[in-house]
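Spelled out from the first residue to the last, the chains are:
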Amino acid sequence: MTVVGFHLNKILVERKEKRALTGEVKVNTRMNVTDIKKEDNTIIKGKDTLSFEFEFIISYDADKKNIAELNFEGHVLYLTEQKDSKQILDDWKKKNLEPELRIRILNT
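Worth saying up front: this structure is predicted, and the values here are computed from it rather than measured.

Some thoughts on the pattern of salt bridges
Next up, step 1: If you walk through the whole model with that rule in mind, you get eight salt bridges.
Next up, step 2: Its salt-bridge partner being aspartate 48, residue lysine 38 comes within 3.5 Å of it at the nearest N-O pair. Of this pair, lysine 38 sits in strand β2 (residues 25-39) while aspartate 48 sits in strand β3 (residues 47-62), placing them ten residues apart in sequence.
Next up, step 3: Classification of aspartate 48 by relative accessible area gives buried; the value is 7%.
Next up, step 4: The residue aspartate 84 makes a salt bridge to lysine 83 at a minimum N-O spacing of 3.5 Å.

Following this line, the structure appears as structure tokens:
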């Protein structure tokens, strides 16, 4: 598989507390693949392009309150063999994604 594109659809940065911070600040992250779709590919015959939609959320908590949050949403385009794309899409219908593939997508 080869990365052929990357796009951010949403960037949200929100500060929820305006007061000075006291105590320990905890940073939590969450990364998920939210959907996988097949895209039209007219450039390379015999290959498929898959769009892996993702979300990446970073939240900052202090005094048991959420004080700030960053939210990124977008998609990564991967070029892959047709047989592999069929297997990936079939697995995704069951909400399964191979751990190695998930890591590769989220690292991109």
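Text resumes after the structure shown.
Some points on a nonpolar patch on the surface
Next up, step 1: Together, Phe6, Leu8, Ile11 and Val13 line one region of the surface with nonpolar side chains, adding up to about 390 Å² of accessible area.
Next up, step 2: Relative to the elements of secondary structure, valine 13 occurs in strand β1 (residues 2-15).
Next up, step 3: The class for valine 13 is exposed, based on a relative accessible area of 60%.

Topic: the packing of aromatic side chains
Next up, step 1: In this structure the tally under the stated criterion is three aromatic pairs.
Next up, step 2: Aromatic pair phenylalanine 6 and phenylalanine 54: ring centres 6.0 Å apart, planes at 20 degrees, arrangement stacked. With phenylalanine 6 in strand β1 and phenylalanine 54 in strand β3, this pair connects stretches of sequence that are 48 residues apart.
Next up, step 3: Assessed through its relative accessible area of 47%, phenylalanine 6 is described here as partly exposed.
Next up, step 4: A residue is classified by how much of its surface remains accessible, and phenylalanine 54, at 11% relative accessible area, is buried.

Cut-offs used in this document
Residues numbered from 1 in each chain as written. Predicted model: local features only at pLDDT ≥ 70, side-chain atom pairs only at ≥ 80, totals over all residues. Heavy atoms only, no water. Salt bridge = Lys/Arg side-chain N within 4 Å of Asp/Glu carboxyl O. Helix = DSSP H or I, 4+ residues; strand = E, 2+ residues; numbered from the N terminus. Buried < 20%, exposed > 50% of the residue type's maximum accessible area, 1.4 Å probe, protein only. Patch = residues over 30% accessible without salt bridge, like charges linked within 9 Å, V, L, I, M, F, W, Y side chains within 5 Å. Areas by Shrake-Rupley, 256 points an atom, 1.4 Å probe, with all protein chains shown as cover. Phe/Tyr/Trp six-rings, centres within 6.5 Å; stacked < 30°, edge-to-face > 60°.

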